[in-house]
Amino acid sequence: MHYGFELEDEDIRRFSTHKTVEFFRKLLWAEASDTEIIQSSTHVPQRIHVKDGGIDAKVVDATPSREDLIPSGTSGYQIKSSDLPPRKCRNEVTKDTDSTALKPRVERLLDQGGTYVLVIFEELVGKPSKDGKDKLETRKEALVKEFADHGYPNADVRVYDTAKLIGIINRFPALVAQEKGLHHVQDHNIWKPRATQGAEKFVADGKRDSQIQTIQQAVRQPSNLCPVIRVTGQPGVGKTRLVFEALNEDDLRNRVIHATAREFDCSGVASRLQADPEWSAIIVVDECSPDDHNHFNDQFGSRDDRLTLITISSDPSPVNADHEIEVEPLDRETTIKLLKENLNNA
């Protein structure tokens, strides 16, 4: 396992077709979250090998805080694991049986004034085609011409290659951790066994549901500064599981990094998060004493909302935090229900 802080072009160029689309799906969700695009605006199907009508992913009516990956308005993405020559780029947007018509979802996108984005997991910028032109530009020109030939002379077209993508990917340590690992720090998926302790089903009562909503709202609707959330409760009451479930959403999980306080302080990731103004993460620090919490709050609490800090502890001592959540034992009725379900499944 590597412990570098960045992915390189070759790391993502070697992805399989399936992984290419799945990884871009995660990147799109991470970027949507970081640029404050509401969850309902982003749609990336789980089933990526069905006929897609020319579009693999779509973002609707977006107003991102930056347009590096997601343009304003509506955008549709076609994702390819390898390069397409200009002719194939044009074929990609037309019907298989009738080259005089665009694929239906592509046509609907252009009718809506949307942006068509071709994502190619190859390096194109600075690579000359046979005619000497830049490869990325020749692919874009082919698409612009195809759309103009079908009655869309002003179509907004973008082509992203690995050189473009890698700069965006490396803003998200959680995505780097998924592929290369970060010393002492886990992404959301690797954190799962520790958080769930083998119990697939999460049982909540009304108070836990409300606490989950509080966490999600704080992360999704920050007020310019890094939200700081403190979660406490007796040992074994389910503090870590509650935080895991709150962040187990498409628009949140791909920005999550988790560690114990001791691991995090020794990881090198903490200092990088302070130093790099582009790194974006939801930081979950477990086994975090009040002193540790205040230490991390001093480091990150005054940073901007590209970061969220969530600390978890059995120590209820007061600390400085925007939100303090105390997790209590499940009520009697919910506990009995859970015990019965466990007996039935035994």
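None of these values were measured; they are calculated from a predicted model. (Residues numbered from 1 in each chain as written. Predicted model: local features only at pLDDT ≥ 70, side-chain atom pairs only at ≥ 80, totals over all residues. Heavy atoms only, no water.)

Topic: the state of the cysteines
As a reminder, the rule being used: Cysteine sulfur atoms that pair up within 2.5 Å are treated as a disulfide.
Tallying each qualifying case throughout the model produces 0 disulfides. Its sulfur unpaired, Cys226 is 13 Å from the next cysteine sulfur, which belongs to Cys288.

Observations concerning the confidence of the model for the protein
Note the threshold: Per residue, pLDDT captures the predictor's confidence, and it can take any value from 0 to 100. In what follows, a contact means two residues having at least one pair of non-hydrogen atoms within 4.5 Å.
Per-residue pLDDT for the protein averages 89, and the proportion of residues at 70 or more is 91%. Taken together, the stretch residues 46-50 has pLDDT below 50 and engages in 6 contacts with residues farther than four places along the chain or on a different chain.

Concerning the pattern of salt bridges
Cut-off, in case you're wondering: Whenever Lys or Arg places a side-chain nitrogen within 4 Å of a carboxyl oxygen from Asp or Glu, that contact is recorded as a salt bridge. Only DSSP runs of H or I with at least four residues qualify as helices, and only runs of E with at least two residues qualify as strands; both kinds are numbered from the N terminus onward. Exposure categories follow from relative accessible area, calculated using a 1.4 Å probe and restricted to protein chains: below 20% of the type maximum is buried, above 50% is exposed, and the middle band is partly exposed.
Within the structure shown, the criterion is met by 29 salt bridges. With a closest N to O distance of 3.8 Å, Arg13 and Asp9 form a salt bridge. Here the residue Arg13 and the residue Asp9 both occupy positions in helix 1 (residues 9-13), the gap between them amounting to 4 residues, near one helical turn. The class for Arg13 is partly exposed, based on a relative accessible area of 29%. Close ionic contact of Lys80 with Glu92 constitutes a salt bridge, the shortest N to O distance being 3.0 Å. Here Lys80, found in strand 3 (residues 73-80), pairs with Glu92, found in helix 3 (residues 86-92); they are 12 residues apart in sequence, far enough to count as distant.

Looking at the packing of helix 2 (residues 17-34) against helix 6 (residues 162-169)
So the rule is basically this: Under this scheme, a helix contributes an axis fitted over its contacting stretch, all axes are lines through C-alpha atoms, and angles between N-to-C directions fall in the 0 to 180 degree range. Small angles under 35 degrees read as roughly parallel and large ones over 145 as roughly antiparallel, with 65 to 115 read as roughly perpendicular and the rest as oblique. Less than a right angle of anticlockwise turn of the near helix away from the far helix marks a crossing as left-handed, whereas a clockwise turn marks it as right-handed. Ten residues, namely Ala, Val, Leu, Ile, Met, Phe, Trp, Tyr, Cys and Pro, are considered nonpolar, four, namely Asp, Glu, Lys and Arg, are considered charged, and the remaining ones, Gly among them, are considered polar.
It is the contact of helix 2 with helix 6, at a shortest axis distance of 11 Å, that shows an interaxial angle of 55°. As the angle between them shows, helix 2 and helix 6 are arranged oblique. The way helix 2 lies across helix 6 gives a crossing that is left-handed. Here Phe23, Phe24, Leu27 and Glu31 of helix 2 come into contact with helix 6, specifically with Leu165, Ile168 and Ile169. Classifying every residue of the contact of helix 2 with helix 6 gives 6 nonpolar, no polar and 1 charged.

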